[in-house]
Amino acid sequence: MHGLTEGVRIESLRARPLSVALVEPFIIATGRVDTTRAVEVEACVTCRGETAVGLGEAACLPPVTGEDQLDVLVAIAHLARELEGRMLEPQALDTLRPVARAGLETAVLDALARIRFVPVRTLLGGTRATAALETDVTVAIGEPARMADLARAWVARGFRALKVKVGKDVDTDARALEAIGRAAPGARLRVDANAGYSAAQALALAAACERLGLAVECWEQPCAADDLDGMAEVAAALEAPVIADESVTSLHDLERLVACRAADGVNLKLAKSGGPLACQALGEAAREAGLRVMMGGMVETRLGMTAAAHVACALGGVDFVDLDTAWLLVEDPYDGGYDAEGPRYTMPDTPGLSVSRR
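Quick notes on the rules
Residues numbered from 1 in each chain as written. Predicted model: local features only at pLDDT ≥ 70, side-chain atom pairs only at ≥ 80, totals over all residues. Heavy atoms only, no water. Helix = DSSP H or I, 4+ residues; strand = E, 2+ residues; numbered from the N terminus. Rg over C-alpha atoms; globule rule 2.2 N^0.38 Å. Buried < 20%, exposed > 50% of the residue type's maximum accessible area, 1.4 Å probe, protein only. Contact = heavy atoms within 4.5 Å. Areas by Shrake-Rupley, 256 points an atom, 1.4 Å probe, with all protein chains shown as cover. Lys, Arg positive; Asp, Glu negative; His and termini not counted. Charge placed at Lys NZ, Arg CZ, Asp CG, Glu CD. Salt bridge = Lys/Arg side-chain N within 4 Å of Asp/Glu carboxyl O. Axes fitted to C-alpha atoms, helices over the stretch in contact; angles between N-to-C directions. Parallel < 35°, antiparallel > 145°, perpendicular 65-115°, else oblique. Nonpolar A, V, L, I, M, F, W, Y, C, P; charged D, E, K, R; others polar. Core = buried A, V, L, I, M, F, W, Y, C linked by side-chain atoms within 4.5 Å. Expected span 1.5 Å × (residues − 1). Pairing = 2+ DSSP bridges.

Explain the overall build of the chain to me, please; I cannot follow it from the model alone.
Looking only at helices and strands, the chain has 11 helices and 19 strands in total. Taken against the 2.2 N^0.38 rule, which gives 21 Å for 358 residues, the C-alpha radius of gyration of the chain at 20 Å falls within 12% of a compact globule. For the chain, the C-alpha atoms occupy an extent of roughly 65 × 40 × 40 Å along the three principal directions. Here the chain holds 358 residues, and 58% of them are scored as buried. Taking as baseline every contact in the chain between residues at least 6 positions apart, the subset at least 24 positions apart corresponds to 73%. By element, 48% of the accessible surface of the chain is carried by carbon and sulfur atoms, the whole surface being about 14000 Å². For the chain, the distance from the average site of its 36 positive side-chain charges to the average site of its 51 negative ones is 3 Å.

What follows is the structure, encoded as structure tokens:
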């Protein structure tokens, strides 16, 4: 963990289910979520003679992640038996799969930042860190008329960028995008197929959008995660950038993506890469390779969205901010983290993540 864990003792680790209902079903090309299946990780650590408690969210999205809620609860409970009362060695976290590791690493970093009395973005070395972000908001797959109604409502609340989920059927997706374009003509559209299309289908939808006069700001993961040839074909054909999500979870994946010219950017997510530090490293490497960067999430509460926002801020901001999912929940069990005025988030200078349970 970049030497951050030197001298860190784990006093206790706790994990509890974090299940929150969504206002609307979150339907993407690969599945449906009605209630989040995350885990809250609480870490009490001692460093430099000071003790603090930090929180992290391990966000499981069963259609995408290989880990589910029970897997993470068991993994954290097992690690707690090994680590409690001992000094934390960086390799200890390597025994965890990405989602569980992300939750634990976030909790430890939150606690360390509280001890050092700095925001997490500063702990991450964000010398050029920004403290302001503007997010899009997601419109999940549904009936075109309903998707249009949701788009209209979000724009009325100040959102200027809409991430529109597609990937099940080109004709239906085109009708939905047309309806959204009419309902929210000034909104920027970010179209996310969640690996649901072939290259031919993705290009067919892009052609339909062009005929309809819809301005698409970016195309996210049009083809299957391992279909880099298809991704490259789409990226070469379209003017708007193609952003890889499911195709990139690690630096090795990024190297393959760049070698194949399979995308113009990458979507960073704590849960798929194993935590803030890996996410930050992936973002920096993507920038060095000349790629654009998006910061996203896996249907998280304010806790997970705040942690991702600190990574985005530590990177000096990103090209596309997709940290909206707390808005999609029936209730959010947390306070703090960021001050939100519609899509515009301002990060406070208070220590850690500054998130607390309600």
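Would you take a moment to explain the pattern of salt bridges for this structure?
Where charged atoms from two side chains of opposite charge come close, those side chains can pair. Overall, the coordinates contain 26 salt bridges when judged by the stated rule. The partner of R9 in a salt bridge is E11, with the nearest N and O atoms 3.1 Å apart. With relative accessibility at 33%, the residue R9 sits in the partly exposed group. Of the charged contacts in the structure, one is a salt bridge between D136 and R190, with a shortest N-O distance of 3.1 Å. Of the two residues, D136 sits in the loop between strand 7 (132-134) and strand 8 (137-139) while R190 sits in strand 10 (residues 188-192), which places them 54 residues apart along the sequence.

When you look at the packing of helix 2 (residues 98-116) against helix 10 (residues 276-288) in this model, what are you seeing that I'm missing?
Packed helices, taken two at a time, are described by the angle their axes make and the gap between the axes. Direction vectors running N to C along helix 2 and helix 10 enclose 95°, while the axes themselves pass 8 Å from each other. Classified by the angle between their axes, helix 2 and helix 10 sit roughly perpendicular to one another. Facing A102, E105, T106 and L109 of helix 2, the residues of helix 10 in contact are P276, L277 and A278. Considering only residue class, the contact of helix 2 with helix 10 consists of 5 nonpolar, 1 polar and 1 charged.

Hey, could you run me through the nonpolar core in this one?
Within soluble globular proteins, side chains that are nonpolar generally end up buried alongside one another. By size, the foremost hydrophobic cluster in this structure holds 127 residues, and its most contacted members are L162, L205, W219, L257 and M295. Here this core takes 11 residues from helix 2, the largest share from any one element. Apart from the residues within four sequence positions on either side, L205 is in contact with V166, V170, D173, A174, L177, V191, Y197 and W219.

Mind showing me how you'd approach helix 6 (residues 199-212) here?
Taking 1.5 Å per residue as the helical rise, helix 6 with its 14 residues ought to reach 20 Å, and the 20 Å between its terminal C-alpha atoms agrees with that figure. Those residues of helix 6 that fall on the buried side of the exposure criterion are A199, A202, L205, A206, A208 and C209. Where helix 6 is buried, its residues contact helix 5 (170-183), strand 10, strand 11 (216-220) and helix 7 (228-237). Immediately downstream of helix 6, the backbone of G213 shows phi near 75°, a positive value.

Sorry, what's going on with the sheet that holds strand 7 here?
Strand pairing within a sheet occurs via backbone hydrogen bonds; the two strands may be parallel or antiparallel. Taken together, the 3 strands give an open sheet; going across it, the order is 7-18-17, and neighbouring strands pair in antiparallel fashion. Looking at which strands have only one partner, the edges of the open sheet turn out to be strand 7 and strand 17 (339-341). Averaged over neighbouring strand pairs, the angle between their axes works out to 20° when direction is ignored. Alignment of strand 7 against strand 18 (residues 344-346), held across 3 bridges, turns out to be antiparallel. Opposite A132, over in strand 18, you have T346 as the bridge partner.

What's the story with the environment of S198 in this structure? I'm lost.
Residue position: S198 is located in the loop between strand 10 and helix 6. The partly exposed category is assigned to S198, whose relative accessible area is 31%. For the pair formed by S198 and M231, sequence separation is 33 residues and the distance between their alpha carbons is 8.7 Å.

Can you help me understand the sheet that holds strand 5 (residues 50-58) in this one?
Read from one edge of the open sheet, 4 strands run 5-4-1-6, paired in antiparallel fashion. Both outer strands of the open sheet, strand 5 and strand 6 (86-87), are each paired with one neighbouring strand and no more.

Keep in mind that these numbers describe shape and distance, not what the molecule does.
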